[in-house]
Amino acid sequence: MRKPIIAGNWKMNCTVAETEKLISDLLAGEFDTSRAEVVVCPPFTALGTAARLLDGSPVRLGGQNMSEHKSGAYTGEVSAEMLLTVGAAFVILGHSERRQYHAESDRLVSAKARRALDSGLIPIICVGETLEQRERGETESVVDGQVAGTLAELTTEDLVKTVIAYEPVWAIGTGRTATPEMAQEVHRFIRERLSERDTSAAEQVRILYGGSVNADNAADLLAQDDIDGALVGGASLKADGFIAIINSV
Ligand code: PEP
């Protein structure tokens, strides 16, 4: 059984004061973490605050990015160890906004994933096609290339721990969601490709869907066989909406 994950990607939102409010609103709500793992990924500057407030709660913490390097002269970067020591257990890697605005390649994401796993962080590796690629019928080849490229340095053991997020770029922050059937088709395709590496590992890997998930569409998406949770952007910034998504698992 794959335990679903509902992860909130706050992106570049929430000051320390806003983080305090959002986390306390979240903790005041009712949701069942025996049915789904709940993860929040605030910006780096709010991780310490979030960690302090989440101490003793089942809600887990993640970073939104990290360096492929261990430490050293990499101005502006944050290492896996820094994330771990501030209380993070997860890290989002290769988000389409990182790929688009920071030219992150599959090779770089692969190196980051290797570093994350070596350090004890669980990577949430994002893949997904653009609208043009979907319209050209390239969805499977694009996603296949990204999955193969970003997981290139991982062993079967690593694979089981790794989380994949299928996030069609055209659905991120646009209010356009893939239909549950469209998403399921790609999730199934990813799992089939993973099973060519190892059938048992492929059955264990959690594949999240991301792209304008909200309280209204979450239940139908999460009901699909190969959708093991959601990576939620905009709708994770309001506690009641995020809780409703958690409760639709
Ligand atoms: C995301 O940032 O990963 C995301 C899916 O954003 P949104 O839910 O806002 O589309």
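The numbering scheme is per chain: residues are counted from 1 as the chain's sequence reads. Two thresholds apply to this predicted model, a pLDDT of at least 70 for residue-level local features and 80 or more for giving and counting side-chain atom pairs, whereas whole-chain, interface and lining totals are computed over all residues. Derived side-chain values reflect all non-hydrogen atoms in the structure, with water molecules and hydrogen atoms excluded from consideration.

A.B. asks: Looking at this structure, how should I read the environment of S96?
C.D. replies: A run of DSSP states H or I qualifies as a helix once it reaches four residues; a run of E qualifies as a strand once it reaches two. Both are numbered from the N-terminal end. The topology assignment puts S96 in helix α4 (residues 96-102). For the pair S96 and E203, spaced 107 residues apart in sequence, the C-alpha separation works out to 25 Å. Once residues within four sequence positions are removed from consideration, S96 is found in contact with V169 and I172. Any two residues having at least one pair of non-hydrogen atoms within 4.5 Å are treated as being in contact.

A.B. asks: So what exactly am I meant to see when it comes to the site of the ligand here?
C.D. replies: With respect to spatial proximity, 14 residues lie near the ligand, and among them K11, E167, G173, S212 and G233 are the closest. Here a polar contact is recorded for every N or O atom pair within 3.5 Å, except that within protein the pair must consist of a potential hydrogen donor and a potential acceptor, and residues adjacent in sequence are included only if both atoms are side-chain atoms. K11 is positioned such that a nitrogen or oxygen atom in its side chain is 2.7 Å from an oxygen atom of the ligand. Contacts to the ligand include G233, whose backbone N or O atom sits 2.8 Å from an oxygen atom. Method for areas: the Shrake-Rupley scheme with a 1.4 Å probe, in which residue coverage is limited to the protein chains shown. Protein contacts shield 95% of the accessible area of the ligand, which totals 290 Å² for the unbound molecule. Residue polarity is assigned by list, with Asp, Glu, Lys and Arg as charged and Ala, Val, Leu, Ile, Met, Phe, Trp, Tyr, Cys and Pro as nonpolar; anything else, Gly included, falls into the polar class. Each residue belonging to the shell around the ligand can be placed in one class, and the counts come to 4 nonpolar, 8 polar and 2 charged. We call a residue near a molecule or strand as soon as one heavy atom of that residue lies within 4 Å of the molecule or strand.

A.B. asks: For this particular structure, what's the right way to read the environment of L54?
C.D. replies: For L54, the location among the structural elements is in helix α2 (residues 44-54). For L54, a relative accessible area of 5% puts it in the buried group. Residues L54 and L93 lie 39 residues apart in sequence; the distance between their C-alpha atoms is 22 Å. For the exposure calls, accessible area comes from a 1.4 Å probe over protein chains only, and a residue counts as buried if that area is under 20% of its type's maximum, exposed if over 50%, partly exposed in between.

A.B. asks: Would you mind going over the nonpolar core with me for this structure?
C.D. replies: The tendency in soluble globular proteins is for nonpolar side chains to be buried as a group. To form a nonpolar core, buried Ala, Val, Leu, Ile, Met, Phe, Trp, Tyr and Cys residues must be joined to one another through side-chain atoms within 4.5 Å. Membership of the largest hydrophobic core comes to 60 residues, with the highest contact counts inside it found for I6, V40, I190, L194 and Y209. Looking at which element gives the most residues to this core, the answer is helix α12 (residues 239-247), with 5 residues. Residues in contact with V40, not counting those within four places in the same chain, are G8, W10, I23, L26, L54, V59, R60, L61, G62 and F242. Counting residues in hydrophobic clusters, the runner-up holds 14 residues, among them V39, A89, F90 and C126.

A.B. asks: Teacher, can you tell me more about the side chain of T19 here?
C.D. replies: Looking at where T19 falls in the secondary structure, it is placed in helix α1 (residues 16-28). The residues touching T19, leaving out its near neighbours within four places in the chain, are W10, C14, A46, T49, A50 and L53.

A.B. asks: Would you mind going over the environment of E77 with me for this structure?
C.D. replies: Tracing the backbone through its elements, the reader meets E77 in the loop between β3 (60-63) and α3 (80-86). Exposure remark for E77: the relative accessible area of 36% places this residue in the partly exposed category. A sequence separation of 84 residues divides E77 from K161, and the C-alpha atoms of the two residues are 24 Å apart.

A.B. asks: Please clarify how helix α7 (residues 139-150) should be interpreted in this entry.
C.D. replies: An α-helix turns once per 3.6 residues; consequently, residues spaced three or four apart project the same way. To estimate the expected span of a helix, count its residues, drop one, and scale the result by 1.5 Å. Taking 1.5 Å per residue as the helical rise, α7 with its 12 residues ought to reach 16 Å, and the 16 Å between its terminal C-alpha atoms agrees with that figure. Among the residues of α7, those classed as buried are T139, V142, V143, Q146, V147 and T150. Projection of α7 onto a plane perpendicular to its axis shows the buried side chains occupying an angular sector of 125 degrees, all on one side. Where α7 is buried, its residues touch α4, α5 (106-119), β5 (122-127), α6 (131-135), β6 (163-166) and α9 (180-197). Throughout, the arc means that of the directions going from the helix axis to the C-beta atoms.

A.B. asks: What is the right way to look at the pairing of β5 in this model?
C.D. replies: Along any regular strand the residues' side chains alternate between the sheet's two faces. Most of β5 sits out of view: 6 of its 6 residues are buried. Covered by surrounding structure in β5 are I122, I124 and C126 together with P123, I125 and V127, the residues of both alternating faces. Two strands are counted as paired when DSSP detects at least two bridges linking them. Here 4 bridges tie strand β4 (residues 90-93) to β5, and the two strands are oriented parallel to one another. Within β5, the position partnered with L93 by the bridge is I125.

None of this, on its own, says anything about what the molecule does.
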